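# Chain and residue survey
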Amino acid sequence: MKLTSCAWRKCAFFLTLFVVSLQLAGQTLTIRIVDAETFRPLPFVNILFDAQNQGTSTNIDGFFNLNAQEVDSIGVSYVGYFRKKLDARGLQDGDQIELLASAIELAEVKVLPGINQAETIMKKVVENRELHRPKNLASYYYQSYNKMTFSLTDETRARFLESMGETPDSSQLKLKRLVDQQDLFLMESVSEKAYRRPQKEKEVIIASRVSGLEDPSFFLLATQLQSFTFYQDYIKLFEKQFLSPVSPNSWNRYVYILEETLLTPRNDSLFVVRFYPRKNKNFAGLKGVLKISSNGYAIESLRVKDAESTSKKIQLSIEQLYDQLPSGHWFPKALSSEISFSGLNLPGIGFPANSLTVRALGKTYLSKREVNVPLEREKFQGPQLSVDPAATQQSESHWKALRSVPLSPKDSLIYQFVDSLGQQASFDAKMNAIESLADWRLPIWQVDVLLDRVAGLNKLEGLHLGLALETNPKFSKRLVLGGYWRYGMKDEVSKYGANLGFRVDEQSDTKLFFYYENDVRENGVIEFLEQKEPFISKQLDTWYRTNFSYHELYQAGVEGRLFPSLLAKAYWKNYQIMDPWLIDGSQSAQTLSYNKLGVKLRLTFKERLFRRRGEIYSLGGRFPVLHFNYERALRASSDRGYSAIEFKLSDSYQLRNLGESEFVLLGSLRESSGVVNLLSSPPSSRPQLFSFYSKSSFSTMRINEFVTDELLALFWRHNFGSLLFQYKKVRPDILLAFNAGIGSTAYDFQEGFSNLYSSINKGYYEGGVLVSKLINFGLFTFGTGAFYRFGPYRLDSFQKNLALKFTIDLAI
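Being a predicted model, the structure only gives us computed values, none of them experimental.

## Description of the sheet that holds strand β4 (residues 63-67)
Strand pairing in a sheet is mediated by backbone hydrogen bonds. Such pairs are either parallel or antiparallel. Judged by pairing direction, the sheet is mixed, and its 3 strands sit side by side in the order β4-β1-β7 without closing on themselves. The open sheet has two edge strands, β4 and β7 (96-99), and neither has a second partner. Taken over all neighbouring pairs, the strand axes of this sheet differ in orientation by 35 degrees on average, direction set aside. In the sheet, strand β1 (residues 28-35) pairs with β4 via 5 bridges, with the strands oriented antiparallel. From the neighbouring strand, T30 faces β4, where its bridge partner is N65.

Right, here's the structure in full:
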C-alpha cells in the first residue's frame, strides 16, 4: 500500500512524539533557584509537588532534581521570599527559577499563651541533640573540599566601575577587567579529617590552590569560619560566639515559629521553623530558619545570620546541610559561610572613601564520610593540622578528581587572569612580605629586619633606635643566625647581641640555641614561654617602664615539644648584673656573676597545632594553659645564691546566658640572697591616671611599687558581652574585673629594706568596670574603663586610687 505525503507527515509526527516521550519518561531535570535581583543561588528552598506537602529541597548550591513526567506542577516556598507556582511540563534541564525577596522584613509574631508547636519541636531537638553531636561518636572520618571566593557586591561593583570613568588609564585597565568578572579572588583546598573520642583530632591538607599565588599556605586557615556542627550551646562565627537556638532553655531567649510542615520521600515530616531573639533579651543571638526532620528530631538544614548584623561593618551568615548516613547517624554534608566587609578603602583610583564592600563566600563539601570506624592511635601523632608537602603541586587532572563540584567558567577565568596577574605583579613575594610584616619582620632576600626591635621607648633609655637582623628560611630551613644593635638617646649607652639556632628535629620542632646580649632588663619581671606579644601592645605596655638593670648574658640550651601539647625549654646561662642593688638600699660597685641552670614548660591542654613549611604554629587550645619555670644558680660558680620557682595557670569558661569568665593565677617563689634586682615585682600597669588596659596586671598599682620573693596573684574578669546594654548603633561589651594578690619578702622587717621597699603581705585588692567596643574606627573598636584600689594598701586620696583605662578590639 502506497502512503500519501500527508500520511507520511503524520507518521513522522507520531514517531517523533514517541521518541521524545521515551526520553522524557526517564529524564531527570536539574533546575536552579536564585534570587531575582542578585542571582545568588538559594539553598534549601522548599519544592512542593502537585500542590501537596510532599516534595524536595534545593541543595546548598540552589539545585534540585525533577522528573518532569511524574509531576504536573511545582510550588516553590522560601522564608523571606514570595511563593511561586510553576507548570513542571514547561521546565527544561538547566532552567533557572527566580524568586523575588519580600520587600518588607519578616515581621515579629506575637506568640499567644498556650502550646507553641514550634517550641515543642525544638524541645525535642534539644532532647535528642547528644545523639547527633559528631563528638559523641566513637570515631569519624571524612574528606572535605573547601572553596572560597572574594567579590564586590553588585552595588559596590557598579559604583567602582563608574568611578573609573569611560576612559580608565593603563594602570586601571587590568583592575577594571578583574572587577568586570565580579569575583576577585578564588581559593581551594582539600583535606582529610579523622576524629576519635574523646578528643583526638587530625586534619591533613592534601591539596591547596589560590588564584595568583604559587604558595597559598598563608590562606589555609581562611576556611575555618564557623562551628562544624550546630549541636552545642554556643556557635562560633568568625571568632564570635552566639547562643545556639538548639541549646537547653533557648526558648526563653528565642521565638520559634512553625512556617510549614512538609513530607520527605521517606514519609518523614520536615518542620520548617523560623526563629529570632525575643524582645528585650540582650544577648549575642542569631536569626534564621531550621529544617527539622521527625526522624530523630535532627537538623536537616539551616540558614542563619547575626541578628544584629545590619548595624555593623562586618555581616555574618552561615548555611549547613545534614543527611542520614547508611548507619543511621545524621552527619554534616555541606557548609557555607558568608562574610561582608563594608566601609573599606581602596586608595589611588578615585573611589569614594569608606564605601567599598567586599564579600567572602566559603563553601565546604564533605565526602567519603564514615562513622564508628577503627582508627589507629598512630594516625593522630603530630600537630592536629598540617599541610602535605605536595599540597600545592597537584595537577589539574588530580584537582578534577578531588573537587566535589566542578569549577564554573567564571572560576576558570579567575584562575587564568589572576594567575597571570600574580606572576607579573609578584603576588607571592608580596604575600610573603605581608605575612612577615604581620610578625613585624621585613624580608630582604635571605635576611629579615626585625621591626619591633628597630625602635622603642622606655623611661631609662628614652627613645632607642637601632637595627636587628635574622636569617629566614631562604637562607636555611635549619640554621638561624641573628644579631642586633641599638642606642638609647637618654642613657647614651649602646646595647647589642647575637643569636644562633639549629633545628635538629622537624617533627617535634626541637632546636639548639645560643644567645649573647649586652643589654638592659626590667627588674622584677616574670617571663614564661608565651606566645609572641603583638608589637603595639608591647610598646603600649613598656614605654613607661622605669626600673632596669644593665647586664651581660650568655645562654645555650634546647627547646622543643616533648608532646604535642607540651613545649619545653632547658638551658644554661651566665648572667652578670652590672649595677646590683642590695637590701639596705646601697648599690654595689661590684658586678655580680651567676651561672644558672633552668627549665621552662608550657602545657596547653588539647592544643591545636598547625604545621606549614616545616614550622609549627599554635592555634590555641580549649582547656587550661599551665606555665612553669624553675631556675637555680650553681653556688660553686656564682657570686651569690639564687633560685626561682614560678607558675601561671590561665583558663576561660562560658556561662550560658551570662557571658564568659576568664582568670589567671600567678605564683612566684624566689631566693635572691639580698639582691633587690632579682626579686619579683607584681605585674602592674599604672604609670599615670590614664593608660592602656592589660588584663593580667594590677591596673592601679604603680610600676615596681612593690617587690616580693613570695607572690600569689589572681586576675579575674567576666565579659557580659551585650547582655546588660545594647542600642541599635552601639553594642558595647560590659566587663567586670577583680584582681587580688598577696606576697612578702624575707626582708620585710629589716630596717634598711623596709624604709625603701614594700611588699603586699597584707593583701592587695582592686576592682574595675570596662566598657569595650564603644567606638568604631575602621576594623577596630575602642573602649574605656576604670579601676579602684581598696583594702590595706589604699592610698590617701580618691584620685591616687583610681586608674582610667582604654581598650582596643577587633570590630566583630
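Next comes the rest of the write-up.
## Brief notes about the pairing of strand β19 (residues 356-371)
In terms of burial, β19 is a largely internal element, 13 of the 16 residues being buried. Summarising the sheet, strand β8 (residues 139-152) and β19 pair through 12 bridges and their orientation is antiparallel. Residue pairing for β19: T149 is matched across the bridge by L361.

## Some remarks on the environment of S244
By secondary structure assignment, the location of S244 is in the loop between β12 (240-243) and β13 (254-263). Take S244: its relative accessible area is 0%, and that puts it in the buried class. Through-space distance from the C-alpha of S244 to that of A284 is 9.5 Å; in sequence the pair is 40 residues apart. The residues contacting S244, other than those within four sequence positions of it, are F230, Q232, D233, Y234, I235, S250 and Y254.

## Considerations on the pairing of strand β26 (residues 494-505)
Side chains on a regular strand alternate between the two faces of the sheet. Inspection of the sheet shows strand β25 (residues 479-488) paired to β26 by 9 bridges, in the antiparallel sense. In the sheet register, L481 faces β26, and the bridge partner there is L500. Bridge count for β26 against strand β27 (residues 510-522) is 9 bridges, and the pairing is antiparallel. When the bridges of β27 are listed, R503 appears paired with K511. Linking β26 back to β27 in an antiparallel pair, the connection comprises 4 residues, with D509 at a positive phi of about 55 degrees.

## Thoughts on helix α2 (residues 117-132)
Given 3.6 residues to a turn, an α-helix orients residues that are three or four positions apart in the same direction. Between its terminal C-alpha atoms α2 stretches 22 Å, which fits the 22 Å expected from 16 residues at 1.5 Å a residue. V126 marks where α2 bends most, by close to 35 degrees. Among all positions in α2, only A118, E119, I121, M122, V125, V126, N128, R129 and H132 are buried. Where α2 starts, the residue carrying a side-chain oxygen 2.9 Å from the main-chain nitrogen of A118 turns out to be N116.

## Quick word on the sheet that holds strand β5 (residues 73-77)
An order of β3-β2-β5-β6 is seen for the 4 strands of this open sheet, with the pairing classed as antiparallel. Each edge of the open sheet is held by one strand with a lone partner, namely β3 (55-57) and β6 (84-87). Geometrically, the sheet is characterised by an average inter-axis angle of 20 degrees between neighbouring strands, direction not taken into account. The sheet contact formed by strand β2 (residues 46-49) and β5 spans 4 bridges and is antiparallel. Counterpart to F49 in the pairing with β5 is I74.

## A short note on the pattern of salt bridges
A complete count under the given rule lists 33 salt bridges for this structure. One salt bridge connects R133 with E130, and the closest N-O pair in it is separated by 3.1 Å. By relative accessible area, E130 is classed as partly exposed at 39%. For D509, the salt bridge is made with K511, and the minimal N-O distance between the two is 3.9 Å.

## Re the nonpolar core
Ranked by internal contacts, the top residues of the largest apolar core, which has 37 residues, are F230, Y256, L286, L290, I292, I299 and L302. With 5 residues, α2 is the single largest residue contributor to this core. Core analysis: the next-biggest nonpolar cluster, separate from the first, contains 18 residues, I31, Y78, A88 and L91 among them.

## A closer look at the environment of P374
The topology assignment puts P374 in the loop between β19 and β20 (385-387). The exposure class of P374 is exposed, given its relative accessible area of 76%. Separated by 236 residues in the primary sequence, P374 and A138 have C-alpha atoms spaced 8.8 Å apart.

## Side note on the packing of aromatic side chains
What characterises a pair of aromatic rings is the spacing of the ring centres plus the angle enclosed by the ring planes. Within this structure, the stated rule accounts for 24 aromatic pairs. Residues Y254 and F283 carry aromatic rings whose centres are separated by 5.3 Å and whose planes lie at 90 degrees to one another, so their mutual orientation is edge-to-face. One end of the pair, Y254, is in strand β13; the other, F283, is in the loop between β14 (269-277) and β15 (286-293), with 29 residues separating them in the sequence. The pair Y254 / F283 is uniform in exposure class, with both members buried. Between Y496 and Y516 the ring centres are 6.4 Å apart and the planes differ by 35 degrees, which places this aromatic pair in the tilted class.

Reading the values: the criteria
Residues numbered from 1 in each chain as written. Predicted model: local features only at pLDDT ≥ 70, side-chain atom pairs only at ≥ 80, totals over all residues. Heavy atoms only, no water. Pairing = 2+ DSSP bridges. Helix = DSSP H or I, 4+ residues; strand = E, 2+ residues; numbered from the N terminus. Axes fitted to C-alpha atoms, helices over the stretch in contact; angles between N-to-C directions. Buried < 20%, exposed > 50% of the residue type's maximum accessible area, 1.4 Å probe, protein only. Contact = heavy atoms within 4.5 Å. Expected span 1.5 Å × (residues − 1). Bend = angle between axes of the 7 residues up to and from the residue. Polar contact = N/O pair within 3.5 Å; in protein donor to acceptor, adjacent residues only side chain to side chain. Salt bridge = Lys/Arg side-chain N within 4 Å of Asp/Glu carboxyl O. Core = buried A, V, L, I, M, F, W, Y, C linked by side-chain atoms within 4.5 Å. Phe/Tyr/Trp six-rings, centres within 6.5 Å; stacked < 30°, edge-to-face > 60°.

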